[in-house]
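# Descriptive structure summary
Residues per chain, in single letters:
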Amino acid sequence: MARPTAALTGRERMFGEDEIIVSKTDLQGRITYANSVFLRVAGYTEEEVLSQPHSMIRHPGMPRAVFRLLWETIAGGKEIFAYVKNLARDGDHYWVFAHVTPSFDSTGAISGYHSFRRWARRDAIAAAQALYDRMIQIEAAAGDRREGMAASTAMLIKVLEQKGCDYDAFVLSL
């Protein structure tokens, strides 16, 4: 299954404040479970998402540096909170407040990852979008993807240092 080929619509999908989007992945980020809310909001069937990379719902308006931070954090055995703009199959988007954690096997080794995503507050989305837009501009202006991600990460680190907090504290303060 390839990423959606539909053009970005600019339309935002909403889901209920009482709903939770849940997905699980293996160590490589391939989807092993997606609940009905995930399937409905993203516009896929279960058969279409299972074994596919979770990045299939990555919106191009999300900085790669945020996902780098996310993967480094969970691969290190820690949880992370993030505001994320996702891409639906038809080109619509939807914002989530994500809580992503590693799953552990009986020996304590990381065996996969799971994510619980809730409705995102409008004011928090606006704050995250402003930061993400700056990061996307930095990533796009670089000579290649690796340089762009490094420059965007450096900018994010500088912003967090100025605020005197880490990414989780920043996200939870929105």
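This section reports on the structure supplied with the text.

Definitions and cut-offs
Residues numbered from 1 in each chain as written. Predicted model: local features only at pLDDT ≥ 70, side-chain atom pairs only at ≥ 80, totals over all residues. Heavy atoms only, no water. Helix = DSSP H or I, 4+ residues; strand = E, 2+ residues; numbered from the N terminus. Rg over C-alpha atoms; globule rule 2.2 N^0.38 Å. Polar contact = N/O pair within 3.5 Å; in protein donor to acceptor, adjacent residues only side chain to side chain. Pairing = 2+ DSSP bridges. Axes fitted to C-alpha atoms, helices over the stretch in contact; angles between N-to-C directions. 1 Å grid on protein atoms, 1.4 Å probe; cavity = no way out; pocket = protein on both sides within 12 Å on 5 of 7 lines; lining within 4 Å. Points joined across faces, edges and corners; volume = space filled by probe spheres on them. Expected span 1.5 Å × (residues − 1). Contact = heavy atoms within 4.5 Å. Buried < 20%, exposed > 50% of the residue type's maximum accessible area, 1.4 Å probe, protein only.

## A short note on the overall build of the protein chain
On a plain count of helices and strands, the protein chain comes out with 6 helices and 5 strands. Listed N to C, the secondary structure of the protein chain is β-β-α-α-α-β-β-β-α-α-α in terms of helices and strands. Here the protein chain has a C-alpha radius of gyration of 16 Å; the compact-globule value for 174 residues is 16 Å, and the two agree. Reported as C-alpha extents along the three principal axes, the dimensions of the protein chain are approximately 45 × 45 × 35 Å.

## Topic: the side chain of Ser 23
Assignment of secondary structure puts Ser 23 in strand E1 (residues 21-25). In this structure the side chain of Ser 23 is engaged in a polar contact, spanning 2.9 Å, whose partner is the side chain of Arg 117.

## Side note on the sheet that holds strand E5 (residues 110-118)
The antiparallel open sheet is built from 5 strands, whose spatial order is E2-E1-E5-E4-E3. Both edges of this open sheet fall to strand E2 (31-34) and strand E3 (80-87), since each of them pairs with a single strand only. This sheet shows a mean twist of 30° between the axes of neighbouring strands, independent of strand direction. When E1 meets E5, the two strands line up antiparallel, connected through 5 bridges. By the bridge assignment for E5, Ile 21 is matched with Arg 117.

## Considerations on empty space enclosed by the protein
Any space left empty among the atoms is revealed by the rolling of a water-sized probe across them. All chains considered together, the criterion is met by 1 cavity of 30 Å³ or more. A volume near 60 Å³ is recorded for the largest cavity. Lining the largest cavity, in full, are Glu 12, Arg 13, Met 14, Phe 15, Trp 95, Trp 119, Ala 120, Arg 122 and Ile 125.

## Some words on helix H3 (residues 64-75)
Taking 1.5 Å of rise per residue, the 12 residues of H3 would be expected to cover 16 Å, and the 16 Å separating its terminal C-alpha atoms lies within 8% of that figure. On its buried face, H3 is in contact with E3, strand E4 (93-104), E5, helix H4 (122-141), helix H5 (145-163) and helix H6 (167-173). Just downstream of H3, Gly 77 is the residue with a positive phi angle, here 90°.

## So, the pairing of E5
Judged from the 8 bridges that link them, E4 and E5 form a sheet pairing that is antiparallel. Bridge pairing in E5 places Pro 102 opposite Tyr 113. The hairpin formed by E4 and E5 contains 5 residues between the paired strands, and Gly 108 there has a positive phi angle of roughly 95°.

## Re the pairing of E4
Among the 12 residues that make up E4, 9 are buried, leaving the element largely enclosed by the rest of the structure. In the sheet, E3 pairs with E4 via 8 bridges, with the strands oriented antiparallel. Along E4, the bridge assignment pairs Asn 86 with Tyr 94.

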